[in-house]
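# An overview of the molecular structure
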Amino acid sequence: MSELNLILLGPPGSGKGTQGESLQEDLRLPYYATGDILRAAVKEGTELGRKAKEYMDAGDLVPDEVIIAVIIERIEGEEASDGFILDGFPRTVPQAEALDEEMAKLDRPITAAILIDVSDEEVVRRLGGRRTCEAEGHVFHVEFNPPEKEGVCDVDGSKLIVRDDDKPEVIRKRLETYHSKTEPLVDHYERRGILQHVDGTESPAEVGERVRGMLATLRREEEMEI
Ligand code: AP5
């Protein structure tokens, strides 16, 4: 396939980060997760982090102009010249339009917007049990994907914590924000013919298989067109 420029869409806790991390390893593409980028900025106390923190803690989105600049800079970089995986961006119609404009300017296509679908009830169950590694953000779940040693990251041995925005009242607000601001992107990408639905309710390995199967189909379709 010429180049893979992928967007992972879906509600909070649908498994975008879980799938994004494993796809990044398989496809050897840069993976840009805006939530991770913003949390790192908060931790480092940069200007971006200071601007983002209060929005994130409340379950709101950070302003479009703040996050658009962060992603466009990465897409224009050498590292992303053979493709990229975006997780958590775009999240509003203006962000999607800014990305469309940038890709048109670079004369590059978006290969697919992959919607990982799960219900609100499942989101609440997943985020309530999520544990995140303090150092690098590796993700576990107390029930569905437990670490080998309780409270310790399998990958780098650092402490596992509960994210500030995984408190029940913030989870509810994040879901509301998703339905009002991000869900309209499903239509946006459906109209462009690049939306791919994946049922996110199965195990992480099964969801991963579906995503890989879908990418293989896209590859075959492209080969048949050439
Ligand atoms: P962000 O970090 O992107 O949060 P999110 O979209 O709400 O997504 P999550 O990270 O909560 O979930 P996920 O889908 O990655 O699921 P995960 O794989 O961890 O953003 C945080 C905040 O930053 C936003 O609220 C906003 O303020 C700001 N922000 C970010 N981007 C922005 C933007 N573009 N514009 C404006 N503001 C922005 O999985 C969840 C849990 O379930 C884990 O415990 C996992 O182990 C488990 N799990 C995963 N898959 C499965 C499965 N198949 N079965 C069972 N359990 C599973």
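What counts and how
Residues numbered from 1 in each chain as written. Predicted model: local features only at pLDDT ≥ 70, side-chain atom pairs only at ≥ 80, totals over all residues. Heavy atoms only, no water. Helix = DSSP H or I, 4+ residues; strand = E, 2+ residues; numbered from the N terminus. Rg over C-alpha atoms; globule rule 2.2 N^0.38 Å. Buried < 20%, exposed > 50% of the residue type's maximum accessible area, 1.4 Å probe, protein only. Contact = heavy atoms within 4.5 Å. Areas by Shrake-Rupley, 256 points an atom, 1.4 Å probe, with all protein chains shown as cover. Lys, Arg positive; Asp, Glu negative; His and termini not counted. Charge placed at Lys NZ, Arg CZ, Asp CG, Glu CD. Pairing = 2+ DSSP bridges. Expected span 1.5 Å × (residues − 1). Arc of directions from axis to C-beta. Core = buried A, V, L, I, M, F, W, Y, C linked by side-chain atoms within 4.5 Å.

## Here's the deal with the overall build of the protein
The helix and strand tally for the protein stands at 9 helices and 8 strands. Here the C-alpha radius of gyration of the protein, 17 Å, is about what a compact globule of 226 residues would show, namely 17 Å. Its C-alpha atoms give the protein principal-axis dimensions of about 50 × 35 × 30 Å. Residue burial in the protein is summarised as follows: out of 226 residues, 46% are buried. Sequence-distant contacts, at least 24 apart, represent 71% of the contacts inside the protein between residues at least 6 apart. Carbon and sulfur atoms make up 49% of the accessible area of the protein, which amounts to about 11,900 Å² in all. Averaging the positions of the 29 positive and the 50 negative side-chain charges in the protein gives two centres separated by 4 Å.

## Overview of the sheet that holds strand β7 (residues 160–161)
The strand order across the open sheet formed by 3 strands is β6-β5-β7, and the pairing between neighbours is antiparallel. If you trace the sheet from one side to the other, it starts and ends with β6 (139–141) and β7, each paired once. When strand β5 (residues 130–133) meets β7, the two strands line up antiparallel, connected through 2 bridges. For Cys-133, the partnering residue across the bridge sits in β7 and is Leu-160.

## Notes on helix α1 (residues 16–27)
Its 12 residues give α1 an end-to-end C-alpha distance of 15 Å, which sits within 8% of 16 Å, the value for a rise of 1.5 Å per residue. For α1, the complete set of buried residues consists of Lys-16, Gln-19, Gly-20 and Leu-23. Take α1 and look down its axis: the buried residues cluster within an arc of 100 degrees, on one side only. Those residues of α1 that are buried lie in contact with β1 (4–9), β2 (31–33), β3 (83–87), β4 (112–117) and α9 (204–225). Of the residues one or two after α1, Arg-28 is the one with positive phi, at around 50 degrees.

## Looking at the environment of Phe-140
Considering the arrangement of structural elements, one finds Phe-140 in strand β6. For Phe-140, the residues in contact, after removing those within four places along its chain, are Gly-129, Arg-130, Arg-131, Asn-145, Pro-146, Pro-147, Cys-153, Asp-154 and Leu-160.

## A look at the nonpolar core
Within the largest apolar cluster, 31 residues are counted, with the highest numbers of intra-cluster contacts made by Ile-7, Leu-9, Leu-86, Leu-99 and Tyr-189. When residues of this core are traced back to their parent elements, those giving at least two are β1, α2 (34–44), α3 (47–58), α4 (64–75), β3, α5 (93–106), β4 and α8 (184–191). With 6 residues, the top contributor of residues to this core is α4. Leaving out residues up to four positions away in the same chain, Ile-7 has contacts with Leu-86, Phe-89, Pro-90, Leu-99, Ile-110, Ala-112, Ala-113, Ile-114 and Tyr-189. Of all hydrophobic cores here, the second largest spans 16 residues; its members include Leu-8, Leu-29, Val-207 and Leu-215.

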